[in-house]
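# Structural characterization, general
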Amino acid sequence: MRNENMKKTVLGFVPVQSPIYAMHPVTRIILFVALGFIPLFIQMPEVNLLFLLLVLILFKVSKVDLHQLKVYVPVIATLTCFLLASYTIFPTKLPGEIPIVIYGISFYKYSILWSICIYVRILTLVLSSIFFFSTNRERDILVGLRTLRVPFAASYFLGLTLRSAGMFMEDYQIVREAERARGLDMAAMSWLKKLKHFPMYMIPLFTLAIRRSEDISVGLYAKGTQIRHSANRPDYLRSLFHFGKIDIAANFLIVAVFIAVVVADFGCQAFALHHSIVNVLLGNVI
Amino acid sequence: MDAVTIKNLSWKYEQSSGFLFENLNLSVPENTFLGIIGSNESGKTSLVSCIKGIIPNIETGIYKGEVSLFGKAVKDMDSDLIAQTAGMVFSDPDAQFTTMSVEEEIAFGLENIGVSVEEIRERIQWVSKLTHLENLLDKPPYDLSGGQKQRVAIAAVLATHPKIMILDEPTSMLDPKSKDEVFDILQQIKRELKMTIIVVEHNIEKIAELSDAVLLMNKGKIIRYEETRTFFSAVDLLKENGLKVPESIELIYYLYDKYGVDTTAPVKFNEIAAEIQRLLRLNEEAV
């Protein structure tokens, strides 16, 4: 069922109204970068879990419907399986460490400790990214980048890429509907058959994509687009957003927290893994 | 002054074996609503591409002769100067939507030609009111119907205040309701704005209704180019060139033949209805 409080973007769903929209897109990008980088300086999983909790609170405060996050569950599940499997199959072990053997599989505590640390870090990163794309429409991202002096050509290229992704998805739906209309029942197919059938979609989709890129090139010419004069180009989109006091305060806070975490990590190793409760639970591996 | 002048134009696409146009000549007076009709592959889109400068500036091939817009040769004009003189709406509503919202899409063309931000704001307000897009400005392309997207394309062109507006089969990918929306907008533009409008269209009834002049193409040649009433008087010629003449026009010529009237028939629906009533009245009086 369609949620009236959320609206669709190419990259997911964003709330129709949210307190975060009071912030300039640049502030939102800086918040995203900070949320992405801070966990990299923290090895202790419990601290990163607190950080993850902060991201979830931000979701709530920003009025993002958490039910929409269900679509990302397969990504998180895949990530979990992939990380745990790789740390089991290719373990990181201390010299002379004795493994715990369960059903013939060797588990190393040091490897388990690191896998938990990396997993929580990546999970925080993934949730931070989802938060960014759940609170920013495509135009916000472009405005943010242009305000940060990213060249027009690069930001416009990103915009066109997003537009193309949207068209690709629309075309995909049309091709699927056309197949259904001709009696193809994907639901009755096995996973293997579905997998084999998937490349069949690619042929019409890529043909359409090539034709559309030609049409768009002609469309851009018709609109008088010239990349070489882009330095003096007026920017209407940017004029719709104002960098206010709230942005100055938010950026100050974000930078202050970032510096504090970096200093705490490099200065006194406050977030090192050997301080972690997980290390204690595993019998002080480090 | 002529808005469009084509002198001895010959054009051959790089991949094709022969010339599509050979020594083509055409003049379109300023502020004319010109309808271009013809069967598929007759050269309609190529003709308007020449007027817009897509040929030869984007398409490759052999180009001879000259196409001028208000006296300036298009092959010597920059794309931004052409965009200020002649705007173009294409048939595929998706392929011309290159940004992520309606407002941005209208602003994009204006930014390209260097209009100031304040002026862009004013023009967006004006054009969105004219094309009934006020409530859609915030919408992304995937939230719009085909008809709405085509209205956005028309609005984006109108906002640049071009002297010439070209529409290449603007309704070919739309459902009947959306087609009507587009034609209503065209009618409104014709009524309220002074500009040259060139429309390539298969819907001959609508062309007859809206156009000041009509041009028929076949196999790269201009078969007939006349003021609308005169154009439709050659019913047999139009049929020979694969066109389906509107039944209302055929009917009135049938009645003219029957009652021995020798004149050019009206082509607009209301005028046709009034003329039929007049003919029937004359017939009753004669009886």
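Being a predicted model, the structure only gives us computed values, none of them experimental.

Scanning chain B from N- to C-terminus turns up twelve helices and ten strands. By principal-axis analysis of the C-alpha atoms, chain B measures approximately 70 × 45 × 35 Å. Burial status across chain B gives 46% buried among its 287 residues. Long-range contacts, defined here as pairs at least 24 residues apart, represent 66% of the contacts in chain B between residues at least 6 apart.

We now examine the sheet that holds strand β2 (residues 21-29) of chain B. Residues and elements named next belong to chain B. If you trace the four strands from one edge of the open sheet to the other, you get β2-β1-β4-β5, paired in antiparallel fashion. Looking at the sheet topology across the chains shown, the edges are occupied by β2 and β5 (72-73). For strand β4 (residues 61-69) and β5, the ladder comprises two bridges, and the chain directions are antiparallel. Paired with serine 68 across the bridge in β5 is alanine 73. Of the strands in this sheet, β1 (2-13) and β4 are in contact with helix α1 (residues 44-52), which crosses β1 at around 120°.

All right, on to the pairing of strand β6 (residues 86-89) of chain B then. Residue and element names in this part refer to chain B. The side-chain alternation of β6 yields two buried faces, one formed by Ala86 and Met88 and the other by Gly87 and Val89. Both β6 and strand β7 (residues 164-168) contribute to a ladder of four bridges, which runs parallel. Bridge pairing in β7 links valine 89 to leucine 167.

Each side of the interface is counted separately: chain A has 27 residues, and chain B has 32 residues. Every element with two or more residues in the side of chain A that touches chain B is listed here: α5 (138-147), α6 (152-181), α7 (191-222) and α8 (236-239) of chain A. For the side of chain A that touches chain B, the element with the highest residue contribution is α7 of chain A, accounting for eight residues. The class makeup of the residues in the side of chain A that touches chain B is eleven nonpolar, seven polar and nine charged.

Residue and element names in this part refer to chain B. Within the open sheet, the six strands sit side by side as β6-β7-β8-β3-β9-β10. Their pairing is mixed. The open sheet is flanked by β6 and β10 (221-227), the only strands paired with a single partner. Mean inter-strand twist for the sheet, computed between neighbouring axes without regard to direction, equals 15°. Bridging between strand β9 (residues 213-218) and β10 involves six bridges; their strand directions are antiparallel. When the sheet's bridge partners are listed, leucine 216 is paired in β10 with arginine 224. Strands β6 and β7 of the sheet are contacted by helix α6 (residues 146-159), whose axis makes an angle of about 175° with β6.

A word on the domain arrangement of chain B. All names here are of chain B. For chain B, the assigned domains are domain 1 (2-101 + 162-178 + 188-241) and domain 2 (246-287). At the level of elements, α8 (204-210) and α9 (228-231) are the ones that each hand at least two residues to the side of domain 1 that touches domain 2. Ranked by residues supplied to the side of domain 1 that touches domain 2, first place goes to α8 with four residues. Tallied by class, residues from the side of domain 1 that touches domain 2 come to four nonpolar, three polar and three charged.

By size, the foremost hydrophobic cluster in this structure holds 87 residues, and its most contacted members are Ile36, Ile51, Ala155, Ile166 and Ile198 of chain B. Among the elements that line this core, the one with the most residues is α6 of chain B, at eight residues. Each residue touching alanine 155 of chain B, except ones within four places of it in the same chain, is listed here: Ile106, Val127, Ser128, Thr131 and Leu133 of chain B. Counting residues in hydrophobic clusters, the runner-up holds 21 residues, among them Leu31, Leu35, Val120 and Phe131 of chain A.

Another aspect to go through is the packing of helix α1 (residues 25-37) of chain A against α5 of chain A. Residue and element names in this part refer to chain A. Between α1 and α5, the shortest axis-to-axis distance is 8 Å and the interhelical angle comes to 90°. Regarding the angle of α1 to α5, the classification is roughly perpendicular. From α1, Pro25, Val26, Arg28 and Ile29 reach across to α5, where they touch Asp140, Ile141, Val143, Gly144 and Thr147. The residue inventory of the contact of α1 with α5, partitioned by class, reads five nonpolar, two polar and two charged.

Here we come to the environment of serine 128 of chain B. Residues and elements named next belong to chain B. Residue position: serine 128 is located in helix α5 (residues 117-130). Distance from serine 128 to alanine 159, taken between C-alpha atoms, is 9.0 Å for residues 31 residues apart in sequence. Once residues within four sequence positions are removed from consideration, serine 128 is found in contact with Leu133, Glu134, Leu137 and Ala155.

What follows concerns α5 of chain A. Among the ten residues of α5 of chain A, nine are classified as buried, and the element is accordingly described as predominantly covered. Every buried residue belonging to α5 of chain A is among Glu138, Arg139, Asp140, Ile141, Leu142, Val143, Gly144, Leu145 and Arg146 of chain A, and all of these are buried. Among the structural elements, β1 (6-9), α1, α6 and α8 of chain A together with α4 (102-112) of chain B are those in contact with the buried residues of α5 of chain A. Downstream of α5 of chain A by a residue or two, arginine 149 of chain A has a phi angle that is positive, lying close to 70°.

With respect to the helices and strands, methionine 202 of chain A occurs in helix α7. A sequence separation of 27 residues divides methionine 202 of chain A from valine 175 of chain A, and the C-alpha atoms of the two residues are 9.8 Å apart.

Turning to α5 of chain B, a few remarks are in order. Over its 14 residues, α5 of chain B extends 20 Å from the first C-alpha to the last, a length consistent with the 20 Å expected when each residue adds 1.5 Å. Tucked into the core, α5 of chain B has its buried residues touching α8 of chain A together with α4 and α6 of chain B. Of the residues one or two after α5 of chain B, histidine 132 of chain B is the one with positive phi, at around 55°.

In this section: the packing of α5 of chain A against α6 of chain A. All names here are of chain A. Two numbers describe how α5 lies on α6: the axes approach to 9 Å, and their chain directions differ by 165°. Viewed along their axes, α5 and α6 adopt a mutual orientation that is roughly antiparallel. For α5 against α6, the interelement crossing comes out right-handed. Touching Glu138, Leu142, Leu145 and Arg146 of α5 are Phe152, Ser155, Leu158, Gly159 and Leu162, all from α6.

Parameters at a glance
- Residues numbered from 1 in each chain as written.
- Chains lettered and ligands numbered in written order.
- Predicted model: local features only at pLDDT ≥ 70, side-chain atom pairs only at ≥ 80, totals over all residues.
- Helix = DSSP H or I, 4+ residues; strand = E, 2+ residues; numbered from the N terminus.
- Buried ≥ 20, exposed ≤ 12 C-beta atoms within 10 Å, placed from the backbone.
- Contact = placed C-beta atoms within 7 Å.
- Pairing = 2+ DSSP bridges.
- Axes fitted to C-alpha atoms, helices over the stretch in contact; angles between N-to-C directions.
- Nonpolar A, V, L, I, M, F, W, Y, C, P; charged D, E, K, R; others polar.
- Domains from an automatic or database assignment.
- Core = buried A, V, L, I, M, F, W, Y, C linked by C-beta atoms within 7 Å.
- Parallel < 35°, antiparallel > 145°, perpendicular 65-115°, else oblique.
- Expected span 1.5 Å × (residues − 1).
- Left-handed = near helix turned anticlockwise from the far one by under 90°.

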